[in-house]
Amino acid sequence: MSKVHDINEDDLEINSPANHAAGVTAVRVSMQRSLSLMGPSRTARTLLKLNQADGFDCMSCAWPDPDPENRHAAEFCENGAKAVADEATTDRATPEFFARHSLEDLRGHDDYWLNGQGRITHPMVKRPGGTHYEPIEWDAAYALIAEHLTSIEPDQATFYTSGRASNEAAFLYQLFVRAYGTNNLPDCSNMCHESSGTALTEAIGIGKGSVSLRDIYDAECIVIAGQNPGTNHPRMLSALEVAKRRGAKIISINPLREAGLVNFRNPQVPRGVVGKGTDIADLHLPIRLNGDLALFQGIGRLLVEWDALDHEFIAKHGHGFEQWREHVLATDWAQIEEVTGLTRAQITEAAEMIRASDATIYCWAMGLTQHRNSVATIREVCNVALARGDIGKRGAGLCPVRGHSNVQGDRTMGIWERVPEHFLDSLQTEFGFDPPRKHGLDTVDTIRGMRDGKVTFFMGLGGNFVKAAPDTDVTAEALRRAGMTVQVSTKLNRSHLDCGDTALILPTMGRTERNMTGAGEQFISVEDSMSAVHASRGVIDPPSPHVRSEVAIIAGIAEATIGDRHGIAWAPMAEDYDIIREHISRVVPGCETYTHDVDRPGGFVLPHPPRDSRTFETKSGKAEFVPSPLEVLQVPEGHLVLQTLRSHDQFNTTIYGLSDRYRGIEEGRRVIFMHADDIRDQGFDDRDLVDIIAHWEDDDVHRVAERFRIVQYDTPRGSAAAYYPETNSLVPLDSTATSSNQPTSKSVIVRLVPAGQGAGPTRAGAAQDSVGADDTHKTNRQPTHLS
C-alpha cells in the first residue's frame, strides 16, 4: 500500500507563490503521482484514453473537450491525471481493513489518510450499536434498505447526488426516487452553481451557459470573475491561450492574483516547455470579497454613459432595460469604490476593454455564486452582457464554469428538488405513474430536516456529504441522527464515519473501469459545462468482482423497494443501458435521438434557445434586465471576510496531496492567507498560529477552526482565504444566498485569536481535519509575493 500518513502540520513549508501555471513541473508531478498509485501499465492504459472519443471522460472538472480531430494524445491536465490515479489506484480497503479499524479508530484519522486507504472492495454495513463495519451480501443490503424505506413516509427520506454520477445513473435514480414518492433530490449543485441557475433562468430562460469552446477561441474579450482556472479547470488555460494568440483581451477579477491567470506554460507545445509561456490576464482587478455586484453595476453605468450599447438587440430582445438604465445611472461611485476596493480608474479600464470588444464572454465560478447577494450579482453580469448584445452570437455569451464532471448532466436528467412540471408530465406519460408534485428538499433543507428529526433516511450517490456541506459539526450531527445512511462510494471518506444508526457503504465502479453485463459491455454518458453530451467507456477492470455499477446499485434498491408496483422493469435497465437511454429520449427535452447521437465521436450538443436563436423562454418572452439594490456586507470592526477555496492538490473534498505550489504552500493545509496590514492590525505577525472564529448572530453555535498558520499574501485588505473542507465548519447552515439557498462560503465573517484561545461549546473542524501545528515549521526561504 502507498505510504499515506495523517497530515503533520509541523512539516508545513511556506515558499514564494508561483508566477506561472503548468509547465514541466505539471508533467513531472502528474507522472510521479500516476506511477506511484497505478504503476506504469495502468498509467499508460488510463491516461492515453482520458478525454478521448473512444475512452472515458475525466471525473474531475466539467471543462469541454475539443472536437475529436483536434485532441492531443495526452488530452488531460495535471489535476485530471491526479483524479485518474486516485480512482485507479491499486490500493484496496478490504473487509480485513475494516475488521482492523473500528469507527472510533477511523474517526481519529484525517481525510487525507482515509482517502489514501484505497478502493473499497465489498459492500459493508454498520449495525445499530456496532463498532465496526462488516461485510454484507448485495441482496441483503438491498433488502435492508427496502425494509427501512417501506417503514417510513417517502418525504422522510432524502437522496443526494454528487456530480460524478452518469446520465444513465442520474435518470434511473430520479425515476426510482419519484416512483418511491418524493422529490427530495438534493445535489452538489445546491452548493456550487444554484445561484447561477436561478439568475440565468430569470434573465435568459435557461439555467445553463450559452457558449461553446469555439466561442472561447473566437472571443475578443473574456471576463473571468471569481474563478481560478489554473487549479479548478486547468484545461481552460489551453483555450485561453488560443484566444490570446488570436488577439483576445482577458480581464481577471479575483481577490487573489492566481498564477494560472498570470502566465500559462502549456506542456503540450514547445513554447510552453522551453519558452516563456503565454501571459493570460491583460488586466487584474483585485476585488474585495463580495464586491462583484458593485463592480458590474459600475461597469454597467459607464457603458450606459458612453452609449456603448447594442440598441438593436435591446429593442428586439430585451425587457426592462429602462428600469435597469435608471438604476445604474443612480449608483454612487464612492460606494462602488469602497465596496470593491478598486479605483474608478481601474473599473473604467475594464469597461473600456468591454466597450472595445464586439464579442465578449463572461465566465464565473464559486467566487460569484457563494454570497448572500450571489443571484443579484450574476443577474448584473447578465445585464451587462445583454446591454452589449453579447449572447447568441459567435465569440460571446455567458459561461458559468462547472466544477464537477457531470453536475450539469445530472440536472438535465432530472436530479433537482424543483424539477419543472413538464418534466414530471413526461415521466408520467412514459412510465404510467403520477410523480409527486410538491417541491422537495435541497441540500441545506435536507440538513435541517435530519437535524430536526424530520428526515430519517439519507442516501448519497457519490460524494462526501459531511465534508462538502456547510457547518460541518451541524451536518455531522444531523447525519448521526438518521436511522439509516447509505453511501454509494469508491473510497473511504468522513461521511462513512458520521453515519446513521444503520449505515451501508455500497462500493461502486469508477469512470476508468469497464462495465460488463449479461448484455455485453456498457458505456455511460455525461454532459459538460457547455451542454455537449458524449459517451464514456472505461478501460481497466474494476477493483473487485464484488463492486457494482451505479446503475446496478440503483436498480437493485428500486427492485427491492418498489418491485413491479408501477410496472417498471428495473433489472433489464441494469443489464442494457440502451433501455435507459430510450426512456431518456422520450422524457428529457432535446434528447429525442439520444441513443444514436450520444455514441457518435464527440457526441451532440443540447439545444439552448438564447444561444441558438436568441429565443428567451422567460415570462416576457424576452431577455430580462433585472436591477438589484447594492447590498453592502456589514463587517464588524476587528473582523475579516473569509473565502473558502481549494488548494492545487485537491478536487472538491478529495485531498490528493499536500502541495499548493502555485501559492507557495507545501506539506500542510491549515493556513489563512491575509494582507500584511490586516495581520498587523489584528495584532499578529506573519506565520503566527491562530484560531478562526465565525461571526454569526442568528444562533448560539460557537464555530471555530483551530490552529491555522497566518501567511502574508497579495489579497485586498479585509479579505482573507483558507482551504476547505477544513473551514466549512465556519459556514453557518442558515447563511445562504437569497433565492437560491446556496451556502455563502465566500463571505464568512470571522475574527482571529491566538491559537488555543478559540475553543468554545462547539469545537468545529479541528480533530477530524489534521494533526495541529505547533510553533515550529520548515521554511526554505522567506516568501516574496506578487504585487
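Residues numbered from 1 in each chain as written. Predicted model: local features only at pLDDT ≥ 70, side-chain atom pairs only at ≥ 80, totals over all residues. Heavy atoms only, no water.

## Points about the overall build of the protein
Note the cut-off: Comment: elements are numbered from the N terminus, with helices defined as DSSP H or I runs of at least four residues and strands as E runs of at least two. With a 1.4 Å probe rolled over the protein chains alone, any residue whose accessible area is under 20% of its type maximum counts as buried; one over 50% counts as exposed, and the rest are partly exposed. Note on contacts: a residue pair qualifies if any of its non-hydrogen atoms lie within 4.5 Å across the two residues. Only the protein chains shown count as cover for residues, and all accessible areas are computed by the Shrake-Rupley method using a 1.4 Å probe. Working convention for charge: Lys and Arg count positive, Asp and Glu count negative, and His plus the chain ends are omitted. Where a charge sits is defined by one atom per residue type, namely NZ (Lys), CZ (Arg), CG (Asp) or CD (Glu).
Scanning the protein from terminus to terminus reveals 31 helices and 34 strands. Taken over the C-alpha atoms alone, the protein extends approximately 70 × 65 × 55 Å along its principal axes. Looking at the protein as a whole, 66% of its 787 residues qualify as buried. Taking the intrachain contacts of the protein between residues at least 6 apart in sequence as the baseline, contacts between residues at least 24 apart amount to 80%. Of the roughly 26,300 Å² that the protein leaves accessible, carbon and sulfur atoms contribute 48%. Across the protein, 79 positive and 108 negative side-chain charges occur, with their mean positions spaced 3 Å apart.

## Side note on the environment of Ile524
Along the polypeptide, Ile524 turns up in strand 21 (residues 524-527). Each C-alpha atom, one on Ile524 and one on Asn741, is 31 Å from the other, the two residues being 217 residues apart in sequence. Not counting chain neighbours up to four residues away, the residues in contact with Ile524 comprise Ser166, Glu168, Arg511, His534, Ala535, Ser536, Tyr577 and Arg581.

## A few points about helix 18 (residues 344-355)
Here is the rule we go by: To estimate how far a helix should reach, multiply one less than its number of residues by 1.5 Å.
For helix 18, with 12 residues, the first-to-last C-alpha span of 16 Å sits near the 16 Å given by 1.5 Å per residue. Among all positions of helix 18, only Ile347, Thr348, Ala350, Ala351, Met353 and Ile354 are buried.

## Overview of the sheet that holds strand 22 (residues 532-536)
Threshold: Two strands qualify as a pair provided DSSP detects at least 2 bridges between them. Every angle, taken between N-to-C directions, lies between 0 and 180 degrees, and every axis is a line fitted to C-alpha atoms, over only the stretch in contact when it is a helix.
Read from one edge to the other, the open sheet built from 3 strands follows the order 21-22-23, with strand pairing classed as antiparallel. Of all strands in the sheet, those with a lone pairing partner are strand 21 and strand 23 (604-605), marking the two edges. Across 4 bridges, strand 21 lies against strand 22 in antiparallel orientation. Note that in strand 22 the partner of Ser525 across the bridge is Ala535. Together, strand 21 and strand 22 form the strand contacts of helix 7 (residues 167-180), whose direction differs from that of strand 21 by roughly 90°.

## Notes on the sheet that holds strand 12 (residues 283-285)
Across the sheet, 5 strands lie side by side as 12-9-8-14-15; this open sheet has parallel pairing. Both outer strands of the open sheet, strand 12 and strand 15 (397-400), are each paired with one neighbouring strand and no more. Geometrically, the sheet is characterised by an average inter-axis angle of 15° between neighbouring strands, direction not taken into account. Bridge count between strand 9 (residues 249-253) and strand 12: 3 bridges; the pairing is parallel. Directly across from Ile251, in strand 12, lies its bridge partner Leu283.

## Structural notes on the pairing of strand 30 (residues 671-674)
Side chains Val671 and Phe673 project from strand 30 onto one buried face, and the interleaved Ile672 and Met674 project onto a second face that is buried too. Pairing of strand 30 with strand 32 (residues 704-712) involves 4 bridges; the strand directions are parallel. Each bridged residue has a counterpart across the sheet, and for Ile672 the counterpart in strand 32 is Ile710.

## As for the packing of helix 14 (residues 292-305) against helix 18
When two helices pack together, their arrangement is given by the angle between the helix axes and the distance between those axes. Which entries qualify depends on this criterion: Any angle from 65 to 115 degrees is called roughly perpendicular, while one under 35 is roughly parallel, one over 145 is roughly antiparallel, and all others are oblique. It is the rotation of the near helix from the far one that decides the hand of a crossing: anticlockwise by less than a right angle makes it left-handed, clockwise makes it right-handed.
Taken N-terminus to C-terminus, the directions of helix 14 and helix 18 make an angle of 60°; their axes are 9 Å apart at the nearest point. As summarised for this structure, helix 14 and helix 18 are arranged oblique, according to the angle between their axes. The crossing of helix 14 and helix 18 is right-handed. Of helix 18, the residues touching helix 14 (which contributes Leu295, Gly298, Ile299, Leu302 and Leu303) are Ile347, Thr348, Ala350, Ala351, Ile354 and Arg355.

## Some thoughts on the side chain of Arg388
Going by this rule: When a carboxyl oxygen of Asp or Glu lies within 4 Å of a side-chain nitrogen of Lys or Arg, that pair is called a salt bridge. In protein, a polar contact requires one atom able to donate a hydrogen and another able to accept it; more generally it is a pair of N or O atoms within 3.5 Å, and residues adjacent in sequence count only if both atoms are side-chain atoms.
Residue position: Arg388 is located in the loop between helix 20 (374-387) and strand 15. For the buried Arg388, which has no salt bridge, the nearest side chain bearing the opposite charge is Asp390, at an N-O separation of 4.5 Å. One polar contact links the side chain of Arg388 to the main-chain carbonyl oxygen of Ser357, over a distance of 2.6 Å. Contacts of Arg388, omitting those with residues within four sequence positions, involve Leu303, Ala308, Leu309, Asp310, Ile354, Arg355, Ser357, Tyr362 and Lys393.

## A closer look at the pattern of salt bridges
Tallied over the entire structure, the rule returns 54 salt bridges. The closest approach of N and O atoms between Asp218 and Arg246, which form a salt bridge, is 2.7 Å. With Asp218 in helix 10 (residues 213-218) and Arg246 in the loop between helix 12 (236-245) and strand 9, this pair connects stretches of sequence that are 28 residues apart. A salt bridge links Arg288 to Glu338, with the nearest nitrogen and oxygen atoms 3.7 Å apart. Residue Arg288 is located in the loop between strand 12 and helix 14, and its partner Glu338 is located in helix 17 (residues 333-340); the two are separated by 50 residues in the primary sequence. The exposure class of Arg288 is partly exposed, given its relative accessible area of 26%. Of the residues examined, Glu338 reaches a relative accessible area of 53% and is grouped as exposed. Through salt bridges with shared partners, one network takes in Arg33, Glu78, Lys82, Asp649 and Arg661.

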